[in-house]
Amino acid sequence: MITIEYEVKEKYQRTGSMKSTKTATNIDEFQELILFLKESLARIARQALKEEQAKGFDKNPNLLVDNRMGRSEDEVKPFGKIEYYSRAVAVDVLMPIYKAILERSPEVSGLYKRHNVVLLNKRLIASTEVELEQFLKKFTPSPTDVVQFVNVLPYAGSLERYGVSKGRQSGRMLKTRDDRKRSGLMIRQPNGAYYLTARAMIRKFKGNANIKFEWINGSNLTGIPKPTSTLSGKPLRYTFATRKGYYTHPTVTVRFYSGGIK
């Protein structure tokens, strides 16, 4: 015999919640119970949406079912999750990301903070907050557009791997997936300004855009203006000294969902 108790309540609800218990004594009853749970989730979600829309919520919101786009409420798992998100304006997603990167940027000399740039489909669109604001006034993204926030300094990747951000250094290590363990048993994982920003923005905007922390090879930044020396005059190099190839740079990559933007 399988007994399932379920409870349906609205976040911040002050008037109580609905509770019920269902019992299955055989496989047929269990399958009926699973179907009942799926149908109940879909029905309750649609009803809750209707009530919120009557209060002014988005009439055509973005829908996530079990954390995935492109599914209907009826496709929810028996113990799954249905979420509705109000569509956003591109500027309301992209500006907070850029500002969060600037706020987390280490400020020893100020050089790092001044070289966080923004690319649209690999083309430079902004090197400052003001430039990004001006660009976004006339920008309407499509699902094929790729927006990348990148720090172009050659040591940006090193700071990211050592977990350096403003007023903080906290490295993150994980077991290697390399069977040959060429870099040891544990390898450094990103935990600096870009990784922390991506993690925060994924939670905030998951219903509007696909946001990821990624690495970009410096060969893809060869047409982007970059400093040739530090403020003290020390030369900066963007390729390895002992082998061929460019350094990698931390990025926050944004792809908008179809229908996720007003």
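One structure accompanies this document, and this report is about it. These numbers were taken from a predicted model, which means no experiment stands behind them.

**A short note on the packing of aromatic side chains**
For the coordinates displayed, the defined rule picks out 5 aromatic pairs. Residues Phe240 and Tyr247 carry aromatic rings whose centres are separated by 4.8 Å and whose planes lie at 85° to one another, so their mutual orientation is edge-to-face. Residue Phe240 is classed as partly exposed on the basis of its relative accessible area of 26%. By relative accessible area, which is 21% here, Tyr247 ends up partly exposed. By the ring-pair criterion, three or more aromatic residues cluster together here, those being Tyr195, Phe213 and Trp215. Between the NZ or CZ atom of Arg161 and the centre of the ring of Trp215, over which it lies, the distance is 4.2 Å. The aromatic ring of Phe240 is capped on one face by Arg243, whose charged end is 3.8 Å from the ring centroid.

**Details of the sheet that holds strand β13 (residues 248-256)**
Spatially, 5 strands are ordered β6-β5-β7-β13-β12 in an open sheet, and the strand pairing comes out antiparallel. Edge positions in the sheet fall to β6 (123-126) and β12 (209-217), since each has one partner strand and no second. Strand-to-strand twist across the sheet, computed as the mean angle between neighbouring axes with direction ignored, equals 30°. Pairing of strand β5 (residues 116-120) with strand β7 (residues 147-151), which is carried by 5 bridges, proceeds in the antiparallel orientation. Along β7, the bridge assignment pairs Asn116 with Asn151.

**Side note on the pairing of β7**
Counting buried positions over the 5 residues of β7 gives 5, a clear majority of the element. Residues Val147, Phe149 and Asn151 of β7 are buried on one face, and the alternating residues Gln148 and Val150, pointing to the opposite face, are buried as well. Inspection of the sheet shows β7 paired to β13 by 4 bridges, in the antiparallel sense. Note that in β13 the partner of Phe149 across the bridge is Val252.

**Points about the side chain of Glu83**
Among the structural elements, Glu83 can be located in strand β4 (residues 82-85). Not counting the four nearest positions on each side in its chain, Glu83 is found in contact with Asn62, Leu63, Leu64, Asn67 and Lys206.

**Focus on the nonpolar core**
Ranked by size, the top nonpolar core spans 40 residues in total, and within it Ile97, Leu132, Phe149 and Val254 carry the most contacts. Mapped by element, the contributors of at least two residues to this core are α2 (90-104), β5, β6, α3 (129-136), β7, α5 (193-205), β12 and β13. If one sorts the elements of this core by residue count, α2 sits on top with 9 residues. Beyond its immediate sequence surroundings of up to four residues, Val254 is in contact with Leu94, Ile97, Asp145, Val146, Val147, Phe149, Ala209, Asn210 and Ile211.

**Things to note about the pattern of salt bridges**
The final tally for this structure, using the stated rule, is 8 salt bridges. Across the pair Glu129 and Lys99 runs a salt bridge whose closest N-O atoms are separated by 3.9 Å. Here Lys99 lies in helix α2 and Glu129 lies in helix α3, a separation of 30 residues in the sequence. For Glu107, the salt bridge goes to Lys166, with nearest N and O atoms at 3.2 Å. Of this pair, Glu107 sits in the loop between α2 and β5 while Lys166 sits in the loop between β8 (164-165) and β9 (168-169), placing them 59 residues apart in sequence. The network of salt bridges with common partners includes Arg46, Glu73 and Asp74.

**Some points on α3**
Quick reminder: α-helices carry 3.6 residues per turn. Residues three or four places apart thus point the same way. Along α3, the residues that are buried comprise Leu132, Phe135 and Leu136. One side of α3 carries all its buried residues, which in axial view fall inside an arc of 90°. Where α3 is buried, its residues meet α2, β5, β6 and β7.

Cut-offs used in this document
- Throughout, a residue's number is its position along its own chain's written sequence, starting from 1.
- Per-residue local features of the predicted model are confined to residues with pLDDT of at least 70, and side-chain atom pairs are confined, for both listing and counting, to 80 or more; whole-chain, interface and lining totals are unaffected and use all residues.
- For the side-chain quantities, the full set of heavy atoms in the structure was used; hydrogens and water were omitted.
- Aromatic pairing here means that ring centres of Phe, Tyr or Trp (its six-membered ring) are within 6.5 Å. Orientation follows from the plane angle: under 30 degrees is stacked, over 60 is edge-to-face, and everything else is tilted.
- The cut-offs for exposure are 20% and 50% of the maximum accessible area for each residue type, with area from a 1.4 Å probe on protein chains only; residues under the lower value are buried, those over the upper are exposed, and the others partly exposed.
- Criterion for a charge above a ring: Arg CZ or Lys NZ at most 6 Å from the ring centre, at most 35 degrees from the ring normal.
- Strands are labelled as partners when DSSP assigns at least two bridges between them.
- A run of DSSP states H or I qualifies as a helix once it reaches four residues; a run of E qualifies as a strand once it reaches two. Both are numbered from the N-terminal end.
- Orientation is described by lines fitted to C-alpha atoms, with helices fitted over the stretch in contact, and by angles between N-to-C directions that extend from 0 to 180 degrees.
- Note on contacts: a residue pair is in contact if any heavy atoms of the two residues lie within 4.5 Å.
- We call a set of buried Ala, Val, Leu, Ile, Met, Phe, Trp, Tyr and Cys residues a nonpolar core when their side-chain atoms join them within 4.5 Å.
- By definition here, a salt bridge exists when the distance from a side-chain nitrogen of Lys or Arg to a carboxyl oxygen of Asp or Glu is within 4 Å.
- Our arc is simply the arc of the directions from the helix axis toward the C-beta atoms.

From the geometry alone we can't say anything about function, so treat these as descriptive.
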